[in-house]
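Structural features, examined
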Amino acid sequence: MILVTGGAGYIGSHTVKALRARGEDVLVADDLSEGHEAALLGAPLAKGDLKDMDYVRSLFEGRKVEGVIHFAASCYVGVSMTRPGFYYRQNVQALLNLLEAMRDAGTKTIVFSSSCATYGVPDEIPITEECPQNPINVYGTTKLVGEWMLRDFGRAHGIRSISLRYFNAAGADPDGELGEDHDPETHLIPLVLQAALGKREKISIFGDDYPTPDGTCIRDYIHIVDLAQAHLLALDAMREGKETAHAYNLGNGEGYSVAQVVETARKVTGRPIPAEVAPRRPGDPPRLVGSSARIEKELGYKARFPRLEEILETAWQWHKAHPDGYGDRETKGEA
């Protein structure tokens, strides 16, 4: 059995679907505070909070959990700066509980959802795994602490781990069953598509005077299906006893500016998408682009949907069919 924490979330649900598609026995652990039960497509759910050690231990009792894929975390950078204690409990205490339960249950394999936020403002582009990790926000720090914890539990208890440091997840399930539904929504592509649907008046472009070709920030986007596949590759590599790196970047190796994303979305949707320039946001690096060369070479990763047009097209099909997302805001107490 593979335990997937946070499996009802955006990345987690796409990974759960990929696991089940190849016949894996999966159990999802999620408190549904941000995830959606509908996104599980019938996968078994054990609802609870990973900060509750009794709950975490119950996930392993009476089950042969072969490996864990750990997505569960809070990930709003701004909130992390004003509520650091909350973020350390959510992202560090929960992982500690999970690792101690794994140790006691004899589960030796974990894939960890890390982040390019551990790098902070990079010294070089594209970012490789050798770049210094100097996070500039609490969210990035909690992910870096998570990587350190995995190393220490590996040395002490033989737990094998791979941390995947990814850039901007985007797009949607090409089958149309799953997509991106956050509240509040902070990611550029869904915000742009909400404007295309008329659910948002306009898009704000935060700064047009950066040292980039068109003056707007450049970011790296990776399709959600490719991201899910990378987690399966990491899991399989450890199952097979391969020599692996401690961490891998997951990016497209090619960045797109905010202005490019908006313009490409106009072409894909055929809609105008009003946009206006707003003041820069503090802490936004001009350019973040990651190299996936290591995971391609060592684990055989290859992106199926590398082009921005493909990413936007799948996202657009989801948002058109689900203008209100999964439609469970009221039942989740978020109305």
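Let me begin by describing the structure that accompanies this report.

Rules behind the numbers
- Residues numbered from 1 in each chain as written.
- Predicted model: local features only at pLDDT ≥ 70, side-chain atom pairs only at ≥ 80, totals over all residues.
- Heavy atoms only, no water.
- Phe/Tyr/Trp six-rings, centres within 6.5 Å; stacked < 30°, edge-to-face > 60°.
- Buried < 20%, exposed > 50% of the residue type's maximum accessible area, 1.4 Å probe, protein only.
- Core = buried A, V, L, I, M, F, W, Y, C linked by side-chain atoms within 4.5 Å.
- Helix = DSSP H or I, 4+ residues; strand = E, 2+ residues; numbered from the N terminus.
- Contact = heavy atoms within 4.5 Å.
- Expected span 1.5 Å × (residues − 1).
- Axes fitted to C-alpha atoms, helices over the stretch in contact; angles between N-to-C directions.
- Parallel < 35°, antiparallel > 145°, perpendicular 65-115°, else oblique.
- Left-handed = near helix turned anticlockwise from the far one by under 90°.
- Nonpolar A, V, L, I, M, F, W, Y, C, P; charged D, E, K, R; others polar.

Things to note about the packing of aromatic side chains
In the structure shown here, the tally under the stated rule is two aromatic pairs. With 5.8 Å between their ring centres and 65° between their planes, phenylalanine 86 and tyrosine 87 make a pair best called edge-to-face. Among the residues examined, phenylalanine 86 registers a relative accessible area of 24% and is labelled partly exposed. An angle of 50° between the planes, with centres 5.0 Å apart, marks the rings of tryptophan 318 and tyrosine 326 as tilted.

Description of the nonpolar core
One finds Ile11, Leu19, Leu164, Leu227, Leu250 and Ile295 to be the most contacted residues of the largest nonpolar core, which totals 37 residues. For this core, the secondary-structure elements that each account for two or more residues are strand 1 (2–5), helix 1 (10–21), strand 2 (26–30), strand 6 (160–166), helix 7 (224–239), strand 10 (247–250) and helix 9 (293–299). Apart from residues lying up to four places away in sequence, leucine 19 is in contact with Ile2, Val4, Glu24, Val26, Ile69, Leu232 and Leu235. Formed by 26 residues, the second largest nonpolar core is a distinct cluster that contains Leu27, Leu59, Val68 and Val145.

A short note on unusual backbone geometry
For the bond from isoleucine 125 to proline 126, the omega torsion is 0°, close enough to zero to count as cis. Checked against the element boundaries, proline 126 lands in the loop between strand 5 (109–115) and helix 5 (138–157). Geometrically, the link from aspartate 183 to proline 184 is a cis peptide bond, its omega value of 5° lying close to zero. Within the fold, proline 184 resides in the loop between strand 7 (168–170) and helix 6 (188–196).

Quick look at helix 4 (residues 84–105)
In a regular helix each residue adds 1.5 Å, so 22 residues correspond to 32 Å; helix 4 covers 31 Å between its end C-alpha atoms and thus fits that length. Along helix 4, the residues that are buried comprise Tyr87, Gln90, Asn91, Val92, Ala94, Leu95, Asn97, Leu98, Leu99, Ala101 and Met102. The secondary structure elements touched by the buried residues of helix 4 are strand 1, helix 2 (53–60), strand 4 (67–70), helix 3 (77–82), strand 5 and helix 5. One or two steps after helix 4, the chain reaches glycine 106, where phi turns positive at roughly 80°.

Let's talk about the packing of helix 6 against helix 8 (residues 258–269)
In contact at an axis separation of 10 Å, helix 6 and helix 8 are set at 45° when each is read in the N-to-C sense. When the axes of helix 6 and helix 8 are compared, the pair comes out oblique. Between helix 6 and helix 8 lies a crossing whose hand is right-handed. For the pair helix 6 and helix 8, contact is made by Leu188, Ile189, Val192, Leu193 and Ala196 and by Val258, Val261, Val262, Ala265 and Thr269, respectively. Looking at the contact of helix 6 with helix 8 residue by residue, the class counts come to nine nonpolar, one polar and no charged.

Geometric descriptors of this kind do not, in isolation, establish any biological role.
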